[in-house]
There are 2 protein chains.
Amino acid sequence: MTDIKTLQQQISAEIDKLQFGTEPKELYEPISYIMSLGGKRMRPLLVLLGYLLKEENAAAVVRQALAVEVFHNFTLMHDDIMDEAPLRRGQPTVHEKWNSTVAILSGDTMLVKAYDLLLEINPKLLPEAIRLFNQTAVEVCEGQQIDMNFEAESQVSVDAYINMIRLKTAVLLGFSLEYGALMAGMAEPGRKQLYEVGVQMGVGFQLMDDLLDVYADQAKFGKQVGGDIISNKKTFLLIKALELATGKEKEALDSWLEKTDFDSTEKVEAVTAIYDQLGIRELTTNLMNSYFDKGFELLDRLDARPEGKELLAGFAAQLMKREK
Amino acid sequence: MTDIKTLQQQISAEIDKLQFGTEPKELYEPISYIMSLGGKRMRPLLVLLGYLLKEENAAAVVRQALAVEVFHNFTLMHDDIMDEAPLRRGQPTVHEKWNSTVAILSGDTMLVKAYDLLLEINPKLLPEAIRLFNQTAVEVCEGQQIDMNFEAESQVSVDAYINMIRLKTAVLLGFSLEYGALMAGMAEPGRKQLYEVGVQMGVGFQLMDDLLDVYADQAKFGKQVGGDIISNKKTFLLIKALELATGKEKEALDSWLEKTDFDSTEKVEAVTAIYDQLGIRELTTNLMNSYFDKGFELLDRLDARPEGKELLAGFAAQLMKREK
């Protein structure tokens, strides 16, 4: 039986082999650039883990699995324009290194190239794969637009927030697992259950991201701890705090949100203290664990190869322990 | 036998029936908006004309034909951001009426929706249809990037220009015809020949656009005559004039290109006079006609229904007589 590290090496080797085109170079260099910036390559790994729930060896579908990684990087390239982000994985974003025109067009090209990789699966499975991929791709766009809308809204409900992260992040993890299972020939009821495993875990992981941004150990965390607090980002923690705070805490929280001139360390400490008083850390942890539990439960009940289930559960458990 | 007007009415009725989604409205309203702005709907018409080269009635593929119209409008939405265009068909562009974020994301969604429409064809034909569509889509992006690059280049060769308009405009017309023929079951040699008919005519039509922008009758022309001259747009006419001009004409042309403060009417008259002295109008007309001739010749030799060939030739001839 294979292990996660071997699968990751296969994915990495296959990414190195990808060739998208050469001319005009303004269109293709940004694609190679963003694909070379690294990342956890979690989505193609989930495709392979989905495949291994029914098949013993995933070598035959590593290239096809990259469709989701190319798609994911397309969304990053376009999201970075919208967010006016200067850096991506510590390197200049494409619209900064080149310009917005290049980032729009290279991103468009990547979306088409994702379909090119999908096209390499068994033709009999293609209509279903594209149908599922299209639905996922549209939902990811919906999630990004809803996230953009949140920036201008004064109040966001917990339900609306969970729906947003489900669309923006979780459905692609669900699709990745289902796509792998589809290539392995798993029937629809099992595939749908597996999709839901990915969605539940995806929501859990996004809540974990929100939590780590405030409570991570700065020595181990890749970014600045408290970044979301500094930028007033509407994460689960802030939304829940705004819902629960009353009296003095409410006043203090509102005042920090309104301040345009402040010391970052001071703001992070003050808002974190409010979160602590409201029990936000525990509330977030509980909600996060309820999503993980649901995911593990669905996986446990899935009719699939025990070795495959163990591998996927092990990977999820490993991700749950991350500190960055 | 059907006629062009009937086909256009079928297309228009089918476009009215399209439903893309509702929430978030910032994602879907711009799609309905740009699709409602009208236009000649030439691309889906070419799909139907391609289909009628082998089949008698195109009613069964009108909806599938809209894939190319949705794709075309996606490119317009993104191109308008890059060109910072304020108007599209006389109405505010999406990035002006909403914002750039909305225009990027709605455009991305439209590209996915184009694949959704492709998905409605006979599943057996899907791998080939998507393969051809992907290649075309990538080439259109390449053409747009090359066009963007031209803006910053002092010298562009005629060959480079023709290659750019082939990619940016002509290949989609070629694909539209081939896609229709594919759905009708035409075999590959004929389909490839038909694709080339579309490409040749597409290059011809773009040269015609360049020509009309300078020599159209203002009373009949939808835009300002001379718009390309005013903005120093590198059209075939300007590229050829820069290649041919010497001595005083060269000096005068360079001087008009460098001026930032000028009277528009005066510049249009002066540059047009230089074009006239260099015989640019005739050179462009000859080149344009050579592309049309090649297209008609390939169509004439095509093994297909005579009524279908007549209908397509008639439509092309009608387009060649347009004055706007």
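Residues numbered from 1 in each chain as written. Chains lettered and ligands numbered in written order. Predicted model: local features only at pLDDT ≥ 70, side-chain atom pairs only at ≥ 80, totals over all residues. Heavy atoms only, no water.

Going by the annotation in an unreviewed UniProt entry, the name recorded for chain A is Geranylgeranyl diphosphate synthase type II, with Marinoscillum furvescens DSM 4134 given as the source organism. Checking UniProt for chain A, the heading Cofactor (unreviewed entry) contains the comment "Mg(2+)". Its UniProt record gives chain A a comment under Sequence similarities (unreviewed entry), which states: "Belongs to the FPP/GGPP synthase family." (UniProt positions renumbered as here; feature names shortened; annotations may be inferred.)

Once that is clear, we can look at the nonpolar core. Tyr275 of chain A together with Tyr275 of chain B are the most contacted members of the largest nonpolar core, which has 248 residues in total. With near-sequence residues (within four places) excluded, Tyr275 of chain B lies in contact with Val214, Tyr215, Ile229, Leu237, Leu238, Ala241 and Ile280 of chain B. (Core = buried A, V, L, I, M, F, W, Y, C linked by side-chain atoms within 4.5 Å. Buried < 20%, exposed > 50% of the residue type's maximum accessible area, 1.4 Å probe, protein only. Contact = heavy atoms within 4.5 Å.)

Scanning the model with the defined rule gives 28 salt bridges over all chains in all. Put simply, Asp80 of chain A and Arg88 of chain A hold a salt bridge, and the shortest N to O gap is 2.8 Å. Each member of the pair Asp80 of chain A and Arg88 of chain A is classed as buried. One salt bridge in this structure joins Glu178 of chain B and Lys192 of chain B, with 3.0 Å as the shortest N-O distance. Taken as a pair, Glu178 of chain B in helix α8 (residues 158–183) and Lys192 of chain B in helix α9 (residues 188–215) lie far apart in primary sequence, 14 residues in all. Exposure remark for Glu178 of chain B: the relative accessible area of 2% places this residue in the buried category. One connected set of salt bridges, linked through shared partners, spans Glu128, Arg131, Glu178, Arg191 and Lys192 of chain A. (Salt bridge = Lys/Arg side-chain N within 4 Å of Asp/Glu carboxyl O. Helix = DSSP H or I, 4+ residues; strand = E, 2+ residues; numbered from the N terminus.)

It is worth spelling out empty space enclosed by the protein at this point. All names here are of chain A. Applying the stated criterion across every chain yields a total of 8 cavities of 30 Å³ or more. Here the largest cavity defines a volume of roughly 100 Å³. Lining the largest cavity are 15 residues, with Asp228, Ile229, Leu238, Val271 and Tyr275 sitting closest to its centre. Of all the secondary structure elements, the ones that give two or more residues to the lining of the largest cavity are α9 (188–215), α10 (227–230), α11 (236–244), α12 (247–258) and α13 (264–278). Partitioning the lining of the largest cavity into residue classes produces 9 nonpolar, 2 polar and 4 charged. (1 Å grid on protein atoms, 1.4 Å probe; cavity = no way out; pocket = protein on both sides within 12 Å on 5 of 7 lines; lining within 4 Å. Points joined across faces, edges and corners; volume = space filled by probe spheres on them. Nonpolar A, V, L, I, M, F, W, Y, C, P; charged D, E, K, R; others polar.)

Across the boundary between the two partners, chain A contributes 36 residues, which contact 36 residues of chain B. Of the roughly 3,100 Å² buried at the junction of chain A and chain B (both faces included), carbon and sulfur atoms supply 75%. When residues of chain A are sorted by the area they lose upon contact with chain B, Leu105, Val112 and Gln145 of chain A head the list and together hold 17% of the total. Taken together, chain A and chain B are joined by 0 salt bridges. Where chain A meets chain B, there are 8 residue pairs in polar contact (both at pLDDT 80 or more). At 14 residues, helix α7 (residues 126–152) of chain A tops the list of elements feeding residues into the side of chain A that touches chain B. Residues that form the side of chain A that touches chain B fall into these classes: 22 nonpolar, 7 polar and 7 charged. (Buried area = accessible area lost by both parts, 1.4 Å probe. Polar contact = N/O pair within 3.5 Å; in protein donor to acceptor, adjacent residues only side chain to side chain.)

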